[in-house]
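Observations on the three-dimensional arrangement
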Amino acid sequence: LGDPQKGFPGYCARTPPDWTGEHVRRWPGRHSEVCAPFREACLRAARLGEDRGRSLVSGAAVRKGEAVCQAQPPLALHQYDESKRICEVCAHCNGFVGSLRSALSRPLAAAAKGADGLKAEDLVDELAALEELETEEWTLRPRLPCEDGCGEVFCSSECMAAARTEGWHRVLCTDLPAEKRRLWGLFRKHANKHHELFILAAQVIAEIVCLVRHHGADLYQAMTFFTRFAKMSWLSMLHLPSRSHTQGFPQKGPLVEMAKQKTEHRLEVVVGALQLLVAMLWERRFAELLTVDFFSNLVGQFSLSNVWVQIEHPLSARFAAKMKSDPEFRTRYARLAEASVAAARKVAPPETEDANPGPAPEDEQTWKLPRFEASGLYVCCALSNHSCRPNFTMRYGDDKRATMVALRDIKEGEELNLAYVSPSYELTERLTSLWRHWGFVCTCQKCQDELMERALKLGEGANENGLLLSPAGAQIVAGLCHREPPEGAAVEGAPPSPSAPSSTFRPAARLAAAATAKKVADEAAADEEDEHGSDADEESEEEEEEESDDEGDDESEDASDDYRAAAQAGFEGNLSVAQRPYANPLGPRGVPPSVMQLEADLRRLMESLQEPAPAG
């Protein structure tokens, strides 16, 4: 695993990362370009707190809709195998290649089984119709297969020549002896069976080898350049019930044996991949590069820091418009388009497909070409933290270059946040997904608002497990609706909390509180009218009221004790099994401290607003 004082671990401990990329300016290709936003002061890496890791901040003020930085190439990019089977791009520049004919034919070939599969020629009346789809109007770039037969394609002779002199392709194809080239094919099959990001890790390792062998790069500098982002060993990122993928191994309980078995299996898979890499790339100077530790950390980094890249085919919109506006064109190619879409769905089913899909507009389904989908590591956004209310988003060009676009006005020095999961997801789904995959509980403004709203809604009605507001609690809540607390300060009247973000109520939370407070006030007014309508004399009413107050104090203390005891089971006790974010057959084992703190904050709030149990 390496000596932490020597070798690559020691180098990392002694050498802070260079985000400006000054030491890579002489490297070929995109390496210097990916650091340009930091070098030009558009972006800065910063630590915004002792308890936080690195964050990404804006180096300048940016207006809504403007680019924070633009046209940034990926440091590493892997097109998913399903996407690659139905959508071709250049192996060097990642640009789309081919014509409309190849775009429609490729899914048919991928879905075909044997000689009986449908072909484009079978779906048009004459071959001349297919030749029309290869004219200049419908051609993007030429399709040039690799001369060494590795299966990759290029868009030009320039890209092919560059791939033969730099990057991973030179090491894993051009420079490999003929007897070893089949090993790269075996490696890809192994990766597609177990974990696709193995391919990206192998390509990065091969690129480091190329930089050291042919371009004079220092080995440790090159290794650091590709591994300076959030990472964790893939061997430790286990899929276990009730636990985050980024938690450490369980120390006791029924999950221990399960974790042990999964870890042993993953180790076998990683060792199998490394054996193939060693057979292709071994040199003594690359011993630290070809280790289980480096390889598994690289795969884990991609799992945590990569973004999902989706780009529509550049001919898709033009093809749909032509099919819609030209009846003769639609008649000639309707069968081919329908068969191509059906084949693409068979090879690469959509991520979120309705179980009972309704009729979709033809121009959205039947005439849509397969899109490009990949996992990409972009230096410009890899340091950004999550927020369910992000202030920038990513847009990608046909060449897979990324532009960071501001979703609202951004000040100089303001932290830049990206949404790791879709902000449109429901609160429970967002919290669960973030905790499962990244190991944290989001406490952004949106989640605070929705958590407060949920806590208050639990009190509506007569649910015995819900939250019923007392008159004092209603007064606190109503007060929250009329003032904005200072940023980062606890709300006056709210229970003390060591967690500052979850003790500051935002506008949506105050609106939810206002609705609940109004309901409680209306019910109190109705009860008061009933009391005034009784025939009891004033003196007896006062005596009963005093007795009721005394009893209420005792009952409030008893109810509070009972509530605390019930709360030990967690805030989830107020939700049905289907609603519980962390419900599982084995119980809430391994819930991180941030979850417990968030639940503790909510429990304190609920206790302070809870209605004492009625007498009897």
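Details of the structure are given in the entry above.
Structural notes, computed from the coordinates. For clarity, every value in this text was computed on a predicted model and none was experimentally measured. (Residues numbered from 1 in each chain as written. Predicted model: local features only at pLDDT ≥ 70, side-chain atom pairs only at ≥ 80, totals over all residues. Heavy atoms only, no water.)

A separate point is the overall build of the chain. Along the backbone of the chain there are 22 helices and 14 strands. In the chain, which comprises 616 residues, the proportion classed as buried is 46%. Of the accessible surface of the chain, which amounts to about 31100 Å², a share of 50% is contributed by carbon and sulfur atoms. (Helix = DSSP H or I, 4+ residues; strand = E, 2+ residues; numbered from the N terminus. Buried < 20%, exposed > 50% of the residue type's maximum accessible area, 1.4 Å probe, protein only. Areas by Shrake-Rupley, 256 points an atom, 1.4 Å probe, with all protein chains shown as cover.)

So, on to helix α14 (residues 327–347). For an α-helix, the turn length of 3.6 residues means that residues three or four places apart are oriented alike. A rise of 1.5 Å per residue sets the reference length of α14, with its 21 residues, at 30 Å; its end C-alpha atoms lie 29 Å apart and thus fit the reference within 8%. Of all the bends in α14, the greatest, near 55°, is centred on Tyr333. All of the buried residues in α14 are Phe329, Tyr333, Leu336, Ala337, Ala339, Ser340, Val341, Ala343, Ala344 and Val347. Structurally, the start of α14 carries an N-cap: the backbone nitrogen of Glu328 is 3.1 Å from a side-chain oxygen of Asp326. (Expected span 1.5 Å × (residues − 1). Bend = angle between axes of the 7 residues up to and from the residue. Polar contact = N/O pair within 3.5 Å; in protein donor to acceptor, adjacent residues only side chain to side chain.)

This part is about the packing of aromatic side chains. For the structure shown, the criterion picks out 17 aromatic pairs. A ring pair is formed by Phe8 and Tyr220, whose centres lie 5.8 Å apart and whose planes are at 50°; its orientation type is tilted. With Phe8 in helix α1 (residues 7–14) and Tyr220 in helix α10 (residues 219–226), the pair connects residues that are 212 residues apart, well separated along the chain. On the basis of relative accessibility, which here comes to 21%, the residue Tyr220 falls in the partly exposed class. Between Phe96 and Phe372 the ring centres are 6.3 Å apart and the planes differ by 75°, which places this aromatic pair in the edge-to-face class. Note that Phe96 is positioned in the loop between α3 (81–86) and β5 (98–99) and Phe372 in strand β10 (residues 372–377), a separation of 276 residues in sequence. The class for Phe96 is buried, based on a relative accessible area of 0%. Aromatic rings pair up to connect Phe8, Tyr11, Tyr220 and Phe294 into one cluster. Positioned over the ring face of Phe329 is Lys322, at 5.6 Å from the centre of the ring. The aromatic ring of Phe372 is capped on one face by Lys400, whose charged end is 4.7 Å from the ring centroid. (Phe/Tyr/Trp six-rings, centres within 6.5 Å; stacked < 30°, edge-to-face > 60°. Lys NZ or Arg CZ within 6 Å of the ring centre and 35° of its normal.)

Pairs of packed helices are described in terms of their axes, by the angle between the two and the distance that separates them. Where helix α8 (residues 181–194) contacts helix α11 (residues 255–281), the axes come no closer than 9 Å and their chain directions differ by 165°. Between α8 and α11, the crossing angle belongs to the class labelled roughly antiparallel. The handedness of the crossing between α8 and α11 is left-handed. Along the contact surface, α8 presents Leu183, Trp184, Leu186, Phe187, His190 and His194, while α11 presents His265, Val269, Gly272, Ala273, Leu276, Leu277, Ala279 and Met280. Here the contact of α8 with α11 is composed, by residue class, of 10 nonpolar, four polar and no charged. (Axes fitted to C-alpha atoms, helices over the stretch in contact; angles between N-to-C directions. Parallel < 35°, antiparallel > 145°, perpendicular 65-115°, else oblique. Left-handed = near helix turned anticlockwise from the far one by under 90°. Contact = heavy atoms within 4.5 Å. Nonpolar A, V, L, I, M, F, W, Y, C, P; charged D, E, K, R; others polar.)

Moving on: helix α9 (residues 197–215). Taking 1.5 Å per residue as the helical rise, α9 with its 19 residues ought to reach 27 Å, and the 26 Å between its terminal C-alpha atoms agrees with that figure. Counting buried residues in α9 gives 16 out of 19 residues, a clear majority hidden from the surface. Once α9 finishes, Gly216 follows within two positions and takes phi at roughly 70°, a positive value.

A word on the sheet that holds strand β9 (residues 307–311). Sheets are built from strands paired through backbone hydrogen bonds, the pairs being either parallel or antiparallel. Read from one edge of the open sheet, three strands run β4-β10-β9, paired in antiparallel fashion. Either end of the sheet is taken by a strand with one partner, and the two such strands are β4 (76–79) and β9. Pairs of neighbouring strands in the sheet enclose a mean axial angle of 30°, with direction left out of account. Sheet topology note: the β4/β10 ladder contains four bridges and is antiparallel. By the bridge assignment, Leu77 is partnered in β10 with Gly376. Against the sheet, α9 engages β4 and β10, with an angle of about 140° to β4. (Pairing = 2+ DSSP bridges.)

With respect to burial, β10 is a largely interior element, six of its six residues being buried. Of the two faces of β10, both are covered, the one formed by Phe372, Ala374 and Gly376 as well as the one formed by Glu373, Ser375 and Leu377. Bridge analysis of β9 against β10 gives five bridges, and the strand direction is antiparallel. Looking at the pairing, Ile311 lines up with Phe372 of β10.

The subject of this paragraph is the sheet that holds strand β12 (residues 392–396). In space, the three strands of this open sheet follow the order β3-β13-β12, with antiparallel pairing throughout. Pairing within the sheet leaves two strands with one partner each, and these edge strands are β3 (67–72) and β12. The sheet shows a mean angle of 20° between the axes of neighbouring strands, direction not considered. Bridging between β3 and strand β13 (residues 402–406) involves three bridges; their strand directions are antiparallel. Opposite Gln72, over in β13, you have Ala402 as the bridge partner.

Throughout the structure, instances matching the rule amount to 23 salt bridges. Note that Glu312 is salt-bridged to Lys368, the shortest N-O span being 3.8 Å. Residue Glu312 is found in the loop between β9 and α13 (316–325), and its partner Lys368 is found in the loop between α15 (362–365) and β10; the two are separated by 56 residues along the sequence. For Glu312, a relative accessible area of 32% gives the class partly exposed. The class of Lys368 is partly exposed, set by a relative accessible area of 37%. (Salt bridge = Lys/Arg side-chain N within 4 Å of Asp/Glu carboxyl O.)

Our focus in this paragraph is the pairing of strand β2 (residues 54–58). Where burial is concerned, most of β2 is hidden: four out of the five residues are buried. Bridge count between strand β1 (residues 43–47) and β2: five bridges; the pairing is antiparallel. The residue of β2 that forms the bridge with Leu43 is Ser58. In this structure, the hairpin formed by β1 and β2 is closed by a connection of six residues.

Within the secondary structure layout, Gly53 lies in the loop between β1 and β2. Among the residues examined, Gly53 registers a relative accessible area of 39% and is labelled partly exposed. The spatial distance from the C-alpha of Gly53 to the C-alpha of Asn385 is 9.3 Å, given a sequence separation of 332 residues.

Formed by 86 residues in total, the largest nonpolar core has its most connected members in Phe187, Phe198, Ile208, Leu277, Phe295 and Met404. No other element matches α9, which puts 14 residues into this core. The contact partners of Phe198, leaving out residues within four places of it in the chain, are Phe187, His190, Ala191, Trp234, Val269, Val270, Ala273, Phe295 and Val299. Counting 28 residues, the second largest nonpolar core, distinct from the first, contains Ala129, Phe329, Leu336 and Leu369. (Core = buried A, V, L, I, M, F, W, Y, C linked by side-chain atoms within 4.5 Å.)

Let us look at unusual backbone geometry. One non-glycine residue, Ala41, lies in positive phi territory at about 65°. Mapping Ala41 onto the fold places it in the loop between α2 (36–39) and β1. Using a relative accessible area of 42% as the deciding quantity, one classes Ala41 as partly exposed.

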